[in-house]
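Summary of the model geometry
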Amino acid sequence: MLEGAEFYFNVDHGYLEGLVRGCKASLLTQQDYINLVQCETLEDVKIHLQTTDYGNFLANETNPLTVSKIDMEMRKKLCREFEYFRNHSLEPLSTFFTYMTCSYMIDNVILLMNGALQKKSVKEILAKCHPLGRFTEMEAVNIAETPSDLFNAVLVETPLAPFFQDCMSENTLDELNIELLRNKLYKSYLEAFYKFCKNHGDVTAEIMCPILEFEADRRAFIITLNSFGTELSKDDRETLYPTCGKLYPEGLRLLAQAEDFDQMRRVAEHYGVYKPLFEAVGDGSGGKTLEDVFYEHEVQMNVLAFNRQFHYGVFYAYTKLKEQEMRNIVWIAECISQRHRTKINSYIPIL
Amino acid sequence: MGSLFRSETMCLAQLFLQSGTAYECLSALGEKGLVQFRDLNQNVSSFQRKFVGEVKRCEELERILAYLVQEINRADIPLPEGETSPPAPPLKQVLEMQEQLQKLEVELREVTKNKEKLRKNLLELIEYTHMLRVTKTFVKRNVEFEPTYEEFPPLENDSLLDYSCMQRLGAKLGFVSGLINQGKVEAFEKMLWRVCKGYTIVTYAELDEPLEDPETGEVIKWYVFLISFWGEQIGHKVKKICDCYHCHVYPYPNTAEERKEIQEGLNTRIQDLYTVLHKTEDYLRQVLCKAAESVYSHVIQVKKMKAIYHMLNMCSFDVTNKCLIAEVWCPEANLHDLRRALEDGSRESGATIPSFMNTIPTKETPPTLIRTNKFTEGFQNIVDAYGVGSYREVNPAVFTIVTFPFLFAVMFGDFGHGFVMFLFALLLVLNENHPRLKQSQEIMRMFFNGRYILLLMGLFSVYTGLIYNDCFSKSVNLFGSGWNVSAMYSSSHGPAERRRTVLWNDSVVRRSRVLQLDPSVPGVFQGPYPLGIDPIWNLATNRLTFLNSFKMKMSVILGIIHMTFGVILGIFNHLHFRKKFNIYLVSVPELLFMLCIFGYLIFMIVYKWLVYSAETSRVAPSILIEFINMFLFPASETNGLYAGQEHVQRLLLAVTALSVPVLFLGKPLFLLWLHNGRSCFGVSRSGYTLIRKDSEEEVSLLGSQDIEEGNNQMEDGCREMTCEEFNFGEILMTQVIHSIEYCLGCISNTASYLRLWALSLAHAQLSDVLWTMLVRVGLRVDTTYGVLLLLPVIALFAVLTIFILLIMEGLSAFLHAIRLHWVEFQNKFYVGAGTKFVPFSFRLLSSKFSDDVA
């Protein structure tokens with residue numbers, strides 16, 4: 001696309017952008033969270049959510065209310081909104097939407113394969129799959145025994161197919177291999193998405209690239225953190241890092257050599273963006289976890305995405321913010337239902 | 001006029017509701033819709049309020065009722081809507097009602113579940129029979145045309161023996177058969193091919209009749225497929241793929257006898273299921289019919305109950321927890337009704353201690369209530385769209401009733417068009433009780449709600465049309481024109497007159513294209529036409545010049561009168577709010593400013609009309625020049641309109657110039673003086689105040705003394721002023737901005753009223769164009785074809801008249817009339833910063849099913 005999106009952006013995508021901005025206004029505010037935290041039972045949560053834009057989305061649920069029901073209904077609502085956006089979108093926004101769903105699709109595929117490994121019934125796992133990442137071929141995933149099998153038989157016609165080029169192997173799918181597959185898929189997915197945004201140029205690139213760079217680096221950190229004390233070799237680890245982040249290439253090389261959290265922290269200290277994040281991580285029991293800090297930073301970036309106009313980042317940001325909001329509500333609801341009030345305040349406020 | 005001129009006086013009342021009777025009392029209040037409740041628990045979040053449990057119960061009931069309505073609608077049973085709305089249920093009945101509804105819901109769910117199960121069963125069986133029927137043909141074809149099993153050549157080519165041949169392969173050969181959704185066939189086949197690498201044979205055929213999808217209830221097309229495959233492993237994969245694509249898989253019979261047997265068994269089972277299903281459906285219908293009778297009243301009752309509990313949630317408990325305290329706004333006129341409603345409520349619940357109320361004084365601004373009827377409602381809405389009036393300020397809606405249709409009509413002046421509009425509005429008014437009109441949607445509803453406005457607009461347009469003498473752009477000669485053409489001929493005059501004036505003779509009439517009537521010739525102008533414009537102007541070529549001058553002057557005169565009236569209404573506001581100084585320091589200078597400039601302009605216009613006649617018209621000075629000269633003081637002397645004009649004009653200008661500084665500085669300086677000295681009201685007390693000025697208590701004591709003494713009303717205004725933080729700069733800024741706006745506004749608003757002229761001109765010209773382009777052309781064609789042509793021409797004329805002249809032009813005139821009222825008229829006095837009085841009334845609850853189903 002040419003430069004200067006503001007001239008013709010609204011011709012194709014103005015309606016959806018307006019819509020998504022309206023949807024963003026319905027995100028729960030700090031005041032809402034304060035009220036939610038005061039709730040005594042899930043019924044109270046329901047009543048409070050009724051006064052927000054969620055409306056009476058739980059009205060048709062029969063008693064008793066559970067956290068999973070709330071979660072399911074919220075997901076359904078998000079899914080409805082997303083489907084609406086997607087159905088009304090034009091190219092290249094629709095490709096953008098496809099890219100957005102890919103991450104959920106990867107998660108679903110991995111979830112199903114793990115389930116098959118543990119001999120659980122498909123139906124049981126299907127209920128746990130994220131509705132945004134649903135596709136028809138999904139249920140046949142457990143036919144496959146090797147990654148190349150999976151690609152050839154099941155996923156060749158899905159949007160996930162291009163991400164498979166790096167991970168065609170004949171290894172049997174055990175737990176480790178599935179995890180490797182997930183990370184490889186994710187790596188090539190992120191790189192492809194990054195390339196798409198970069199090629200698109202304009203404000204979209206300016207907004208989306210930093211978000212995706214952060215996403216890539218976060219994955220790199222998390223992979224490193226999770227690989228401590230496992231049989232994963234350092235070389236293997238390095239192949240899993242997405243290469244579209246700010247850490248590429250030196251940071252990733254250093255990360256690959258890291259052996260414990262402190263070394264990781266030292267790598268991060270070379271980068272202005274990640275230094276304060278690692279400093280915010282509390283050690284031991286009291287403080288925030290690395291994950292929480294990353295989430296907070298992500299929320300911040302996504303909220304800032306709404307400050308610019310004429311770009312696709314708002315859709316991505318909205319979906320992510322909504323997801324964070326759902327995580328918050330589920331967290332609060334879990335704390336309430338398990339009467340575990342001490343940690344109820346560690347949700348991540350958005351607005 | 002009383003209640004429409006100002007909003008009603010409100011008072012804040014405290015209701016003490018005994019906790020046992022609160023529900024009944026509120027029910028009685030809700031039926032009457034007298035009071036607006038104030039939320040006393042604003043900082044309590046919604047789920048921590050007192051009656052949350054009851055609200056939840058109501059919501060549960062609503063959920064059940066919504067479910068019932070949904071089921072009843074699905075069964076196509078008509079829902080009877082009651083005429084009267086039942087009162088909120090007494091508390092004792094609520095539990096009963098809840099139990100009853102819950103039982104009904106459980107029963108209904110049970111029955112529908114059974115029904116669904118039966119239907120699903122039936123559907124499966126039907127699918128199975130279809131599958132069997134279709135696959136029979138597959139197998140024959142398979143063997144006949146595909147020599148796949150070369151290594152096991154069939155013993156005979158007789159198709160009846162196919163199965164035995166299959167059986168021989170049976171060790172390896174397996175079949176999976178079933179139905180698949182039409183849209184998924186292609187992907188399904190591809191996936192089969194990829195996974196099984198071609199070791200399968202798929203045959204499928206479309207099912208001719210569409211079947212219901214058991215999951216979504218949609219009726220769609222299906223394909224029947226038969227997969228033959230070799231080997232266990234592949235069999236598993238095939239089955240998984242079938243699951244993935246949500247195929248309905250049915251066992252495949254291996255022999256013809258088996259097939260026959262299954263088919264027969266299926267047929268009998270289908271028969272049985274049909275009868276059972278019918279019985280279930282009958283029963284379900286019975287249950288639903290019974291439920292449908294009472295569902296309407298239940299819905300209304302639950303809604304009322306929920307509303308009552310929402311209101312109760314706004315009340316606070318007193319210390320003893322024995323009674324609820326509610327604070328309500330109530331119109332003073334209705335206090336008696338309020339008391340009665342409370343008594344009724346208490347009596348109904350049989351409480352020993354009655355609920356009671358007392359009024360409490362308050363400093364807060366009450367909500368605005370202006371009672372309207374179906375006639376005034378529309379006009380009030382026009383005003384409210386600008387802003388709901390502040391409490392007790394002059395309500396412009398009263399005057400809007402007349403001025404709005406009038407200003408509209410000035411722009412829309414056409415006898416014929418106005419009459420059509422009047423007829424349309426009359427039709428709406430006469431049929432206003434028709435149910436179809438009441439429930440009409442969108443645009444029609446807009447017309448319906450404004451029917452009385454339309455009626456008046458039409459009537460006034462007829463009047464202005466008569467004045468303009470326009471009827472579909474043609475003039476009507478009712479009384480005979482005041483001009484006489486024959487008097488212009490020289491033959492009818494004496495020789496003395498012939499010399500003085502230019503008269504017509506035959507050669508003049510023949511030769512010149514344009515003839516001019518001279519009113520100074522005796523006998524030509526016999527006096528003005530009795531009503532409106534003389535019809536002879538319709539023939540004149542200088543008609544437009546004449547009408548422009550007339551309409552322009554008219555719109556300026558109307559505009560200035562309208563605006564001056566607005567300023568005068570401001571005086572009523574100041575009087576009512578006891579700010580007399582505002583009259584002297586704001587309203588009077590404003591009036592002087594307006595009248596000395598523009599009032600004088602009107603005077604000049606009228607003076608010129610009255611003084612100059614046809615004989616002296618050539619020496620009449622131009623008003624425009626005179627008006628400009630008023631400000632420029634030209635050196636050269638002009639004639640002027642009258643003697644001493646110069647002195648009068650100088651005086652007026654001086655007054656204007658003096659009123660401006662008063663307007664700018666008067667009010668702020670006066671307030672400052674009051675604030676600093678308070679030395680204005682009586683010498684004796686001034687010393688008293690000055691000494692104790694610092695004591696706020698004393699001041700208020702002093703205030704109450706003043707009221708007792710019935711002292712100067714001005715004092716009230718001052719005291720209120722000083723209660724607030726006194727900020728001279730701010731007051732000065734506000735006043736300066738207001739004054740600048742007013743002074744510039746006087747000029748620009750006067751110019752703005754010229755839109756009256758412009759729009760009426762446009763309307764007249766447009767209708768004239770329509771006439772000349774259509775009807776004149778139609779009339780010109782000679783008589784033989786003309787008759788045929790005239791009919792479509794008239795039809796087109798009618799359609800264009802309605803759409804362009806009536807609807808489009810009417811809409812634009814309507815908008816301009818609104819603007820003239822909102823901007824030019826109301827900004828002279830109307831604040832419009834109030835809040836509307838919204839009573840707690842059951843009548844405001846919707847009594848429709850559609851709302852609660854959605």
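Computed from a predicted structure; not experimentally measured. (Residues numbered from 1 in each chain as written. Chains lettered and ligands numbered in written order. Predicted model: local features only at pLDDT ≥ 70, side-chain atom pairs only at ≥ 80, totals over all residues. Heavy atoms only, no water.)

**So, the overall build of chain A**
The test is simple: A run of H or I in DSSP becomes a helix once it reaches four residues, and a run of E becomes a strand once it reaches two; helices and strands are each numbered from the N terminus. Note on classification: 1.4 Å probe, protein chains only; a residue is buried when its accessible area is under 20% of the maximum for its type, exposed when over 50%, partly exposed between these limits. Here, residues are in contact when the closest pair of their heavy atoms is within 4.5 Å. Methods summary: accessible areas were calculated by the Shrake-Rupley approach with a probe of 1.4 Å, and residue burial reflects only the protein chains presented.
Helix and strand content of chain A: 15 helices and zero strands. Counting every position in chain A, which comprises 351 residues, the buried fraction comes to 54%. The contacts in chain A between residues at least 6 apart in sequence include a share of 65% that link residues at least 24 apart. When the accessible surface of chain A is split by element, carbon and sulfur atoms take 51% of a total near 15,800 Å².

**Brief notes about the overall build of chain B**
Counting its secondary structure elements, chain B contains 28 helices and eleven strands. Relative to its full complement of 854 residues, chain B shows a buried share of 45%. Within chain B, contacts between residues separated by at least 24 positions form 80% of all contacts whose residues are at least 6 apart in sequence. For chain B, the accessible area works out to roughly 46,300 Å², and carbon and sulfur atoms hold 60% of it.

**Digging into the packing of helix α2 (residues 22–32) of chain B against helix α9 (residues 335–349) of chain B**
Residue and element names in this part refer to chain B. We apply this condition: Note on definitions: angles span 0 to 180 degrees between N-to-C directions of axes, and those axes are lines fitted to C-alpha atoms, for helices only across the stretch in contact. Any angle between 65 and 115 degrees counts as roughly perpendicular, while under 35 counts as roughly parallel, over 145 as roughly antiparallel, and the rest as oblique. Throughout, a crossing is termed right-handed when the near helix is turned clockwise from the far one, and left-handed when it is turned anticlockwise from it by less than a right angle. Any residue that is not Ala, Val, Leu, Ile, Met, Phe, Trp, Tyr, Cys, Pro, Asp, Glu, Lys or Arg is counted as polar, Gly included; the first ten are nonpolar and the last four charged.
Between α2 and α9, the least distance of the axes is 7 Å, while the angle of their chain directions is 140°. Of the possible angle classes, the one that applies to α2 and α9 is oblique. Of the two possible hands of crossing, α2 and α9 adopt the one that is right-handed. Only D337, L338, A341, L342, D344, G345, S346 and S349 of α9 make contact with α2, whose side of the interface consists of E24, C25, A28, L29 and K32. Of the residues that constitute the contact of α2 with α9, the class distribution is six nonpolar, three polar and four charged.

**Description of the nonpolar core**
What counts is decided by this rule: We define a nonpolar core as any set of buried Ala, Val, Leu, Ile, Met, Phe, Trp, Tyr and Cys residues linked to one another through side-chain atoms lying within 4.5 Å.
Residues F96 and F193 of chain A together with F188 of chain B are the most contacted members of the largest nonpolar core, which totals 143 residues. Residue contributions to this core peak at 13 residues, all from helix α5 (residues 93–117) of chain A. Within the second largest apolar cluster, 72 residues are counted, among which are F5, L407, L456 and L652 of chain B.

**Points about the pattern of salt bridges**
Threshold: Definition used for salt bridges: Asp or Glu carboxyl oxygen within 4 Å of a side-chain nitrogen of Lys or Arg.
Applying the stated criterion to the full structure yields 34 salt bridges over all chains. Between K187 of chain A and E191 of chain A there is a salt bridge, with the nearest N and O atoms lying 3.4 Å from each other. Taken as a pair, K187 of chain A and E191 of chain A lie in helix α8 (residues 175–200) at a separation of four residues, close to a single helical turn. For K187 of chain A, a relative accessible area of 12% corresponds to the buried category. For R38 of chain B, the salt bridge identified is with E364 of chain B, shortest N-O distance 3.0 Å.

**Some remarks on the environment of V619 of chain B**
Looking at the secondary structure, you find V619 of chain B in the loop between α19 (580–611) and α20 (623–632). Sequence separation between V619 of chain B and L641 of chain B is 22 residues; the distance between their C-alpha atoms is 10.0 Å.

**Considering the packing of aromatic side chains**
All names here are of chain B. Threshold: Stacked, edge-to-face and tilted are the three classes for Phe, Tyr and Trp ring pairs, Trp counted by its six-membered ring, which pair at centre distances within 6.5 Å; planes under 30 degrees apart are stacked, over 60 edge-to-face, the rest tilted.
In this structure the tally under the stated criterion is 61 aromatic pairs over all chains. Ring centres 5.6 Å apart and planes at 80° place the aromatic pair F375 and Y452 in the edge-to-face group. Of this pair, F375 sits in the loop between β11 (356–360) and α10 (376–386) while Y452 sits in helix α15 (residues 451–468), and the two are 77 residues apart along the sequence. A relative accessible area of 11% means that Y452 is categorised as buried.

**Some details on the side chain of K77 of chain A**
Relative to the helices and strands, K77 of chain A is located in helix α4 (residues 67–87). Dropping the residues within four chain positions of it, K77 of chain A is found in contact with D53, Y54 and K322 of chain A.

**Focus: the UniProt feature "coiled-coil region" (unreviewed entry) in chain B**
Put simply, the rule reads: UniProt positions are given in the numbering used here, feature names are shortened, and annotations may be inferred rather than shown by experiment.
Here the UniProt feature "coiled-coil region" (unreviewed entry) sits at residues 94–128 of chain B. Along residues 94–128 of chain B, the helical share is 100% and the strand share 0%, with 50 Å between the first and last C-alpha atoms.

**Some words on the confidence of the model for chain B**
Residues and elements named next belong to chain B. So the rule is basically this: Within a predicted model, pLDDT stands for the predictor's per-residue confidence, ranging from 0 to 100.
Residue-level pLDDT values for chain B average 81, and 87% of them are 70 or greater. Contacts for the low-pLDDT stretch residues 143–171, under 50 throughout, to residues beyond four places or in other chains number 26 contacts. Segment residues 680–723 is flagged for pLDDT under 50; beyond a separation of four residues in sequence, or across chains, it makes 37 contacts in the model. Two summary scores accompany this predicted model of the complex, namely pTM at 0.70 and ipTM at 0.74.

**Digging into the packing of helix α21 (residues 645–676) of chain B against helix α25 (residues 728–752) of chain B**
Residues and elements named next belong to chain B. At their nearest, the axes of α21 and α25 sit 8 Å apart, and the two run at 155° to each other. Considering the angle they form, α21 stands roughly antiparallel to α25. As for how α21 packs across α25, the hand of that crossing is right-handed. Each of L663, F664, L665, K667, P668, L669, L671 and L672 in α21 lies in contact with α25, whose residues at this interface are F728, I731, L732, Q735, V736, S739, I740, Y742 and C743. Among the residues making up the contact of α21 with α25, the classes are represented as 14 nonpolar, two polar and one charged.

**Focus: the sheet that holds strand β3 (residues 173–181) of chain B**
All names here are of chain B. Applied cut-off: When DSSP finds two or more bridges between a pair of strands, those strands are recorded as paired.
The strand order β4-β7-β3-β8 describes an open sheet built from four strands, whose pairing is antiparallel. The open sheet terminates on both sides in strands that have one partner only, identified here as β4 (200–206) and β8 (248–250). Put simply, the sheet's adjacent strands are angled 25° from each other on average, direction ignored. Where helix α7 (residues 232–244) meets the sheet, its contacts fall on β3, β4, β7 (222–230) and β8, and the angle it forms with β7 comes to roughly 165°.

**What about unusual backbone geometry?**
Residue and element names in this part refer to chain A. A cis geometry characterises the amide bond from E91 onward to P92, with omega recorded as -5°. Here the bond from Y248 into P249 is cis, since omega is -5°, no more than 30 degrees from zero. Counting through the fold element by element, P249 comes out in the loop between α10 (234–240) and α11 (250–257).

**Concerning the interface of chain A and chain B**
Rules: Here the quantity called buried area is the accessible surface, traced with a 1.4 Å probe, that two parts lose on coming together, added over both.
Listed by partner, the interface residues are 25 residues for chain A and 21 residues for chain B. When residues of chain A are sorted by the area they lose upon contact with chain B, I47, E139 and I143 of chain A head the list and together hold 26% of the total. The interface formed by chain A and chain B includes one salt bridge. Taking the shortest distance from any N to any O, the salt bridge between D44 of chain A and K56 of chain B comes out at 3.9 Å.

**As for the confidence of the model for chain A**
Any region with low pLDDT has predicted coordinates that should not be read closely. With 95% of its residues at a pLDDT of 70 or more, chain A shows a mean pLDDT of 85. Ranking the helices and strands of chain A by mean pLDDT puts helix α15 (residues 313–337) of chain A first, with 92, and helix α7 (residues 147–155) of chain A last, with 77.

**Looking at the side chain of S390 of chain B**
Residues and elements named next belong to chain B. Our working definition: Any N or O atom pair separated by 3.5 Å or less is treated as a polar contact, with the protein-specific requirement of one donor-capable and one acceptor-capable atom, and with residues adjacent in sequence counted only for side-chain atom pairs.
Among the secondary structure elements, S390 is positioned in the loop between α10 and α11 (397–411). Relative accessible area serves as the criterion here: at 17%, S390 is assigned to the buried category. Only 3.2 Å separates the side chain of S390 from the backbone nitrogen of A833, close enough to count as a polar contact. Once residues within four sequence positions are removed from consideration, S390 is found in contact with S7, T368, V831, G832, A833 and G834.

**Describing the environment of A28 of chain B**
All names here are of chain B. Along the chain, A28 turns up in helix α2. Along the backbone, A28 and G345 are 317 residues apart, and their C-alpha atoms lie at a distance of 5.8 Å. Those residues in contact with A28 that lie beyond four places of it in its chain are A341 and G345.

**As for the UniProt feature "transmembrane region" (unreviewed entry) in chain B**
Residue and element names in this part refer to chain B. As annotated by UniProt and renumbered to match this structure, "transmembrane region" (unreviewed entry) occupies residues 406–430, 451–468, 554–572, 584–607, 651–674 and 785–808. Helix and strand shares over residues 554–572 are 100% and 0% respectively, and the end C-alpha atoms of the span are 27 Å apart. Across residues 651–674, the secondary structure splits into 100% helix and 0% strand, with the terminal C-alpha atoms separated by 32 Å.

**Here we look at the pairing of β7 of chain B**
All names here are of chain B. Counted residue by residue, β7 has eight buried out of nine residues, so it is predominantly covered. Pairing analysis gives nine bridges linking β3 to β7, with the strands arranged antiparallel. Directly across from V176, in β7, lies its bridge partner I227. Pairing analysis gives seven bridges linking β4 to β7, with the strands arranged antiparallel. Looking at β7, one finds that Y204 is bridged to F225.

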